[in-house]
Amino acid sequence: MDKRERMIPIAKPYLTEEEAQAAYDTILTGWTTQGPKVQEFEEKFAAYTGVKYAVAVSNCTTALHLSMIVAGVGAGDEVICPSMSYIATANAIKYVGATPVFAEVQPESYNLSPVDAEKKITDKTKAILIVHQIGMPADIDAFKELSERYNLKLIEDAACAAGSAYKGKKIGSNSELVCFSFHPRKVISTGDGGMITTNREDYYRRLKLLRQHGMSVNDRVRHEANKVIFEDHVEVGYNYRMTDIQAAVGIKQLEKLDWIVSERRKVAATYNEAFKDLDFIRLPSEKEGYYSNYQSYSIYLKRDCPLDRNSLMQELLDKGIASRRGVMTSHRETAYKNIQGNINLPVSEDLQDNSIILPLYVPMKEDEVTHVIDSFFNILMAPRVLTY
Ligand SMILES: *Cc1c(COP(=O)(O)O)cnc(C)c1O
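Residues numbered from 1 in each chain as written. Predicted model: local features only at pLDDT ≥ 70, side-chain atom pairs only at ≥ 80, totals over all residues. Heavy atoms only, no water.

1. Describing the overall build of the protein chain
Right, on to step 1. Looking only at helices and strands, the protein chain has 13 helices and 14 strands in total.
Right, on to step 2. Against the 2.2 N^0.38 benchmark of 21 Å for 388 residues, the protein chain shows a C-alpha radius of gyration of 22 Å, consistent with a compact globule.
Right, on to step 3. The dimensions of the protein chain, computed from C-alpha atoms along their principal axes, are 80 × 55 × 35 Å.
Right, on to step 4. Buried residues in the protein chain amount to 54% of all 388 residues.
Right, on to step 5. In the protein chain, 72% of the contacts between residues at least 6 apart in sequence involve partners at least 24 apart. (Helix = DSSP H or I, 4+ residues; strand = E, 2+ residues; numbered from the N terminus. Rg over C-alpha atoms; globule rule 2.2 N^0.38 Å. Buried < 20%, exposed > 50% of the residue type's maximum accessible area, 1.4 Å probe, protein only. Contact = heavy atoms within 4.5 Å.)

2. Notes on the site of the ligand
Right, on to step 1. The ligand sits among 14 residues. The nearest are Cys60, Thr61, Asp157, Ser181 and Lys186.
Right, on to step 2. Between the ligand and Asn59 there is a distance of 3.4 Å, counted from an oxygen atom to a side-chain nitrogen or oxygen.
Right, on to step 3. Measuring from an oxygen atom of the ligand, one finds a side-chain N or O atom of Ser181 at 2.7 Å.
Right, on to step 4. In isolation the ligand has 390 Å² of accessible area, and contact with the protein removes 91% of it.
Right, on to step 5. Where the shell around the ligand is concerned, the elements lending two or more residues are helix H4 (60-70) and helix H5 (88-95).
Right, on to step 6. The class makeup of the residues in the shell around the ligand is six nonpolar, six polar and two charged. (Near = heavy atom within 4 Å. Polar contact = N/O pair within 3.5 Å; in protein donor to acceptor, adjacent residues only side chain to side chain. Areas by Shrake-Rupley, 256 points an atom, 1.4 Å probe, with all protein chains shown as cover. Nonpolar A, V, L, I, M, F, W, Y, C, P; charged D, E, K, R; others polar.)

3. A few points about the environment of Gly289
Right, on to step 1. By the secondary structure assignment, Gly289 is in the loop between strand E10 (281-282) and strand E11 (290-291).
Right, on to step 2. With 152 residues separating them in the primary sequence, Gly289 and Pro137 have C-alpha atoms 9.6 Å apart.
Right, on to step 3. The contacts of Gly289, once residues within four sequence positions are left out, are Ala165, Tyr166, Lys167 and Gly168.

4. Details of the sheet that holds strand E8 (residues 177-181)
Right, on to step 1. Taken in spatial order, the seven strands of this open sheet run E1-E9-E8-E5-E4-E2-E3, and their pairing is mixed. Only two strands of the sheet have a single neighbouring strand rather than two, namely strand E1 (53-57) and strand E3 (99-103). On average, each strand axis in the sheet is inclined to that of its neighbour by 25°, with strand direction left out of account.
Right, on to step 2. When E1 meets strand E9 (residues 194-198), the two strands line up antiparallel, connected through five bridges. (Pairing = 2+ DSSP bridges. Axes fitted to C-alpha atoms, helices over the stretch in contact; angles between N-to-C directions.)

5. Description of the packing of aromatic side chains
Right, on to step 1. Summed over the entire model, instances satisfying the criterion amount to 15 aromatic pairs.
Right, on to step 2. Here Phe275 and Phe376 contribute two aromatic rings whose centre-to-centre distance is 4.5 Å and whose plane-to-plane angle is 40°, an arrangement assigned as tilted. One end of the pair, Phe275, is in helix H10 (residues 244-275); the other, Phe376, is in helix H13 (residues 366-381), with 101 residues separating them in the sequence.
Right, on to step 3. A relative accessible area of 0% means that Phe275 is categorised as buried.
Right, on to step 4. Each residue in the set Tyr271, Phe275, Tyr294, Tyr297, Phe376 and Phe377 is aromatic and connected to the rest through ring pairs, giving one cluster.
Right, on to step 5. A cation sits over an aromatic face here: Arg200 above Tyr203, 4.0 Å from the ring centre. (Phe/Tyr/Trp six-rings, centres within 6.5 Å; stacked < 30°, edge-to-face > 60°. Lys NZ or Arg CZ within 6 Å of the ring centre and 35° of its normal.)

6. Remarks on the pattern of salt bridges
Right, on to step 1. In total, this model carries 24 salt bridges according to the counting rule given.
Right, on to step 2. Arg332 is the salt-bridge partner of Glu349, the closest N and O atoms lying 3.9 Å from each other. With a gap of 17 residues between them, Glu349 in helix H12 (residues 346-354) and Arg332 in the loop between strand E13 (324-325) and H12 connect regions that are remote in the sequence.
Right, on to step 3. On the basis of relative accessibility, which here comes to 22%, the residue Glu349 falls in the partly exposed class.
Right, on to step 4. By relative accessible area, Arg332 is classed as partly exposed at 29%.
Right, on to step 5. Because the salt bridges share partners, they merge into one network encompassing Glu18, Glu19, Lys252, Glu255 and Lys256. (Salt bridge = Lys/Arg side-chain N within 4 Å of Asp/Glu carboxyl O.)

7. Comments concerning the domain arrangement of the protein chain
Right, on to step 1. Split by domain assignment, the protein chain resolves into domain 1 (3-9 + 257-380) and domain 2 (17-255).
Right, on to step 2. Summarising the inter-unit geometry, the C-alpha centres of domain 1 and domain 2 are found 26 Å apart.
Right, on to step 3. Across the boundary between the two partners, domain 1 contributes 37 residues, which contact 45 residues of domain 2.
Right, on to step 4. Taking both sides of the interface into account, the surface hidden between domain 1 and domain 2 amounts to around 3400 Å²; carbon and sulfur atoms contribute 58%.
Right, on to step 5. When residues of domain 1 are sorted by the area they lose upon contact with domain 2, Leu257, Tyr290 and Gln295 head the list and together hold 22% of the total.
Right, on to step 6. Seen at the junction of domain 1 and domain 2, the total is one salt bridge.
Right, on to step 7. Between Asp258 and Lys170 there is a salt bridge, with its nearest N and O atoms 3.8 Å apart.
Right, on to step 8. Counting every contact that joins domain 1 to domain 2 gives 22 residue pairs in polar contact (both at pLDDT 80 or more). (Domains from an automatic or database assignment. Buried area = accessible area lost by both parts, 1.4 Å probe.)

8. Regarding the environment of Lys252
Right, on to step 1. Note that Lys252 resides in helix H10.
Right, on to step 2. For the pair Lys252 and Arg282, spaced 30 residues apart in sequence, the C-alpha to C-alpha distance is 36 Å.

9. Regarding the pairing of strand E4 (residues 125-131)
Right, on to step 1. Summarising burial for E4: six of the seven residues are buried, a large majority.
Right, on to step 2. Relative to E4, strand E2 (residues 78-82) runs parallel, the two sharing three bridges. Paired with Val79 across the strands is Ala127, a residue of E4.
Right, on to step 3. Sheet topology places E4 next to strand E5 (residues 153-157); five bridges connect them, and they run parallel. Bridge pairing links Leu129 to Ile155 in E5.

Here it is in structure tokens:
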């Protein structure tokens, strides 16, 4: 058997003949870029998340960029966000000329700490950008309270959190601007793709302008009109469109989202149960009212773990199991070094250096889950020659 065939990957998108057929059918309609399928996907996504409006865009990074603009974030402003996130979180703040101010995360959830975020507020702070890291909701109520008390905008980077919920409400419906990703590494995928949810009509209208060159009348409306109409370009916009081919795939993916999440949660529960007595690791924990889609399953290796993280990753790989290091910290990437002088984020750094992400995808066969668990125990419980 080829080595790749035996490999258990870190993730796999759940895409079927149904999605392929939807893309095929859409191509044959001749309407391939933003059109009726995009509108249908938006309506269905808004209904799913329980909001009035959803705006489809090319990816979550562009969703975040447009959210910064409509929230009024601009040059000279500061936006508080976690460093521990995919780098696109911080980049979106830079795109509008603002400065990301990195705050610490909570060790148990990998999510922004409301306490540290409050400490980072200055006269220049305009917004807080929270992230529902690897699908686990952040403490939304604490950030709502904070943003109201200091008169700040609250924006959610829910790139990983489609299908997650907070206090009984789907992620997407808890604040004014929530951004999703449909990259293949997330729980549902349209290839690339993104979505912004909002209940504010003014935001909705402006987002729709900005994603399509600031055009006052979109091509679908012109196409369907029986009177000649001319468009105006009312402000400098972008081309951040999602295509109808992607949206057709997204509609099929959305129908499966709740099922995909429940399957992911079963695998996570199996891991949790298997590892629960290992004192030297910290498992993901879901507080009361929090509901994660387990976009990733990350565990933290404590000081007394018998093996260091990188060696564990290598030994898993030797057994045909892919893993990943913990979520990145943007302040340690070259692009952000020195952004705030020498910033000190010991919790985030420790989490990145000592966490490991294990394979989780749908469908993950029982023997694959068992192989990961058995290998994990075999590697960590093997007698070792001490090297000090
Ligand atoms: C993946 C991800 C993004 C970027 O999403 P794209 O759709 O690839 O642009 C942004 N933020 C977080 C937290 C992510 O995980």
